[in-house]
Amino acid sequence: MNLSKEEKLQLFRSYNIYGLTAEKFSNGRSNIEVVKAMLESGIKIIQYREKYKSLKEKYEECLQIRKLTKQYGALLIVNDHVDLCQMVGADGVHLGQEDYPAKEVRKILGKDFIIGVTTHTKDQVEKAVEDGADYIGLGPVFQSFTKDKPHPPIGLEMVSWAAKNCKIPFVAIGGIKEHNLKDVLEAGAKCVSLVTEIVGSDDISQKIKRLWDIIKEFERS
């Protein structure tokens, strides 16, 4: 996909779904199967997040996912691993609060790579912007159990604050489901991530279709 960095970042500013891998919650399906289903259903941003595999396994999976995202004209963001992002030619990396600082990672990756940062508080949002992040992950909005030590929910009020005050795009994440998606959109989020709601669905394509329907209906309202 020969898009400029600015064109890629526009995907985060639009009403959009940000897909994540989570094989532990994927009902026995592989990350590759799930990613293919997400791409076939129109998702244009994929983050590879895998906590329970060897570096070699992660590398081999990312190579396959990179081919798929190119085939479908989608972005690939690698969680945590700056070196893996470079090796597989991903579009960017996503950093947690315990990872390397975004401003130092920028020195390694250069200006053309996308850098995202997980944030939970106003101070963290402002620090991520100051450090040159291109977008932030904001959450968990609601209670989430995809991490071993989940952060307490930040609530819809924080989403509303970010919609009014954050100078870069943000992805609302954490505990977002089909039944509360509209609430998150009404709070001001445009780009949203529904991890287990998608990867754990019996029929991923049908689930994503229903999510798109909610988003499109909200856009029209």
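The structure under discussion appears in the preceding block.
Let me sum up the structure you'll find in this document. (Residues numbered from 1 in each chain as written. Predicted model: local features only at pLDDT ≥ 70, side-chain atom pairs only at ≥ 80, totals over all residues. Heavy atoms only, no water.)

### Side note on unusual backbone geometry
Consideration 1: Residue Pro140 is bonded to the preceding Gly139 through a cis peptide linkage, with omega at 0°.
Consideration 2: Looking at the secondary structure, you find Pro140 in the loop between strand S6 (135-138) and helix H7 (156-165).
Consideration 3: Phi angles above zero are rare outside glycine, and Asn27 is one such case at about 55°.
Consideration 4: We note that Asp80 has phi near 75°; this positive angle belongs to a residue other than glycine.
Consideration 5: On the secondary structure map, Asp80 appears in the loop between strand S3 (75-79) and helix H4 (82-88).
Consideration 6: For Asp80, a relative accessible area of 22% gives the class partly exposed. (Helix = DSSP H or I, 4+ residues; strand = E, 2+ residues; numbered from the N terminus. Buried < 20%, exposed > 50% of the residue type's maximum accessible area, 1.4 Å probe, protein only.)

### Some thoughts on the packing of aromatic side chains
Consideration 1: For the structure on display, the rule yields 4 aromatic pairs.
Consideration 2: Ring geometry for Tyr18 versus Tyr135: centroids 6.0 Å apart, planes at 50°, classification tilted. Taken as a pair, Tyr18 in strand S1 (residues 16-20) and Tyr135 in strand S6 lie far apart in primary sequence, 117 residues in all.
Consideration 3: Using a relative accessible area of 1% as the deciding quantity, one classes Tyr135 as buried.
Consideration 4: Counting every residue linked through ring pairs, the aromatic cluster contains Phe12, Tyr18 and Tyr135. (Phe/Tyr/Trp six-rings, centres within 6.5 Å; stacked < 30°, edge-to-face > 60°.)

### Let's talk about the pattern of salt bridges
A pair can form between side chains of opposite charge whenever their charged atoms are brought close.
Consideration 1: Taken as a whole and assessed by the stated rule, the structure comprises 16 salt bridges.
Consideration 2: Salt-bridge contacts for Asp112 lead to Lys111; the nearest nitrogen and oxygen are separated by 3.3 Å. Summarising the burial analysis for this pair, Asp112 and Lys111 share the class exposed.
Consideration 3: Ionic contacts of the salt-bridge type, sharing partners, join the residues Glu178, Glu197, Lys207 and Arg210 into one network. (Salt bridge = Lys/Arg side-chain N within 4 Å of Asp/Glu carboxyl O.)

Purely geometric stuff here, so don't read any function into it on its own.
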